[in-house]
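Summary of the model geometry
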Amino acid sequence: MQCIVNRRAQFSAGHRYWLPELSEAENIEKFGACSRFPGHGHNYVLFISMTGELDKYGMVLNLSDVKHVIKREVTSQLDFSYLNDVWAEFQATLPTTENIARVIWQRLAPHLPLVRVQLFEHPELWADYIGKEMEAYLSISTHFSAAHRLAHPQLSNEENSQIYGKCARPHGHGHNYHLEVTVKGEIDPRTGMIVDLGALNQVIQDDVVEAFDHSFLNKDIPFFAEVVPTAENIALYISNLLRSPVQELGATLCKIKLIESPNNSCEIYCTEADADTVSTVQCEAVLV
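Sequence order as written defines residue numbering, which begins from 1 separately in each chain. Restriction of local features to residues with pLDDT of at least 70 applies here, the model being predicted, together with a cutoff of 80 or more for giving and counting side-chain atom pairs; totals for whole chains, interfaces and linings are based on all residues. Water and hydrogen atoms were dropped before computing side-chain values, which therefore reflect all heavy atoms in the structure.

The name an unreviewed UniProt entry assigns to the protein chain is 6-carboxy-5,6,7,8-tetrahydropterin synthase, from the organism Umezakia ovalisporum FSS-62. UniProt positions are given in the numbering used here, feature names are shortened, and annotations may be inferred rather than shown by experiment. Note on the protein chain: under the UniProt heading Pathway (unreviewed entry), the record states "Purine metabolism; 7-cyano-7-deazaguanine biosynthesis." According to UniProt, the comment filed for the protein chain under the heading Cofactor (unreviewed entry) is "Zn(2+)".

Here a helix means four or more residues in a row that DSSP labels H or I, a strand means two or more in a row labelled E, and each is numbered from the N terminus. Across its full length, the protein chain carries nine helices and 11 strands. Taking the principal axes of the C-alpha coordinates as reference, the protein chain spans close to 65 × 60 × 40 Å. Counting across all 288 residues of the protein chain, residues that qualify as buried make up 44%. Across the protein chain, every contact between residues at least 6 apart in sequence was considered, and the portion connecting residues at least 24 apart equals 65%. The buried label applies to any residue whose accessible area, calculated with a 1.4 Å probe on protein chains only, is under 20% of its type's maximum; exposed applies above 50%, and partly exposed to all values in between. Here, residues are in contact when the closest pair of their heavy atoms is within 4.5 Å.

This part covers the pattern of salt bridges. Any two side chains of opposite charge can pair, given that their charged atoms come close. What counts as a salt bridge is simple: a side-chain nitrogen of Lys or Arg found within 4 Å of a carboxyl oxygen of Asp or Glu. Taken as a whole and assessed by the stated rule, the structure comprises five salt bridges. As a salt-bridge pair, Arg72 and Glu73 come within 2.8 Å of each other at their nearest N and O atoms. With a relative accessible area of 45%, Arg72 lands in the partly exposed category. On the basis of relative accessibility, which here comes to 16%, the residue Glu73 falls in the buried class.

Comment: axis = line fitted to C-alpha atoms, over the contacting stretch for helices; angle = value between 0 and 180 degrees taken between N-to-C directions. Where helix α2 (residues 63–78) contacts helix α5 (residues 97–108), the axes come no closer than 10 Å and their chain directions differ by 140 degrees. What the angle tells us is that α2 and α5 run oblique. The handedness of the crossing between α2 and α5 comes out as right-handed. For the pair α2 and α5, contact is made by Val69, Ile70, Glu73, Val74, Gln77 and Leu78 and by Ile104, Arg107 and Leu108, respectively. Note on residue classes: Ala, Val, Leu, Ile, Met, Phe, Trp, Tyr, Cys and Pro are nonpolar, Asp, Glu, Lys and Arg are charged, and everything else, Gly too, is polar. When grouped by side-chain class, the residues that make up the contact of α2 with α5 number six nonpolar, one polar and two charged. Roughly parallel refers to an angle under 35 degrees, roughly antiparallel to one over 145, roughly perpendicular to one between 65 and 115, and oblique to any angle outside these ranges. Left-handed describes a crossing whose near helix is turned anticlockwise from the far helix by less than a right angle; the clockwise case is right-handed.

Printed below as a string of structure tokens:
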């Protein structure tokens, strides 16, 4: 029986986004505050996912052995280090979150049956790498507060109440929504980035957060005048809003996750249905 097991590790390290071939003004324009001397630091959290068959002892791998491998090959070298200098790989390509994840994979792959390396720079920014050359995934987390009412405009109050229960009450109710946006792209061999992070953050802020925050979705977002603003429909609408802007930044929108409450969340997976028609996207909603 195939099984995936995960091991968590952590390290604290500093880095700086700076290319010596660029002027100070060019570095500031490209990397913003991340270009400041002498750099800045993060408490990184690392998740290593591995696959294998269950043995007679009920284990895929001895996690004590896994712990020692991760410490020997990665965390003992990176903890309390200046990443730009610690590994030769970061001399050629900057130690961005996505590039650190890629290089950690390269360091661990000879020793462990990897399926994924996930690295959190902080709780609202993380990268995933699954071993596909320079391809990586970058995720951003943000939030907005909004009210909504679950009621189909063509149904009576009684019918809506029967379908949606308390959520159909006339004056609506609100949530503190948490939004996760995941994009995919090729790691630039010099900057280490799959997308301009500042530009991506700005797109999400302008196109989603600014419009949705402190709104009554049914009334303030025209789309929801005729479409019931369930978590699934909100996530799908956000995916439609962001798909083209993300593509213009040189990346591909992969997933929208909307957490409505600790008990309810929705994920929209967007994949190209036709390689020749980049505007054709399949979206699958998964309720959790």
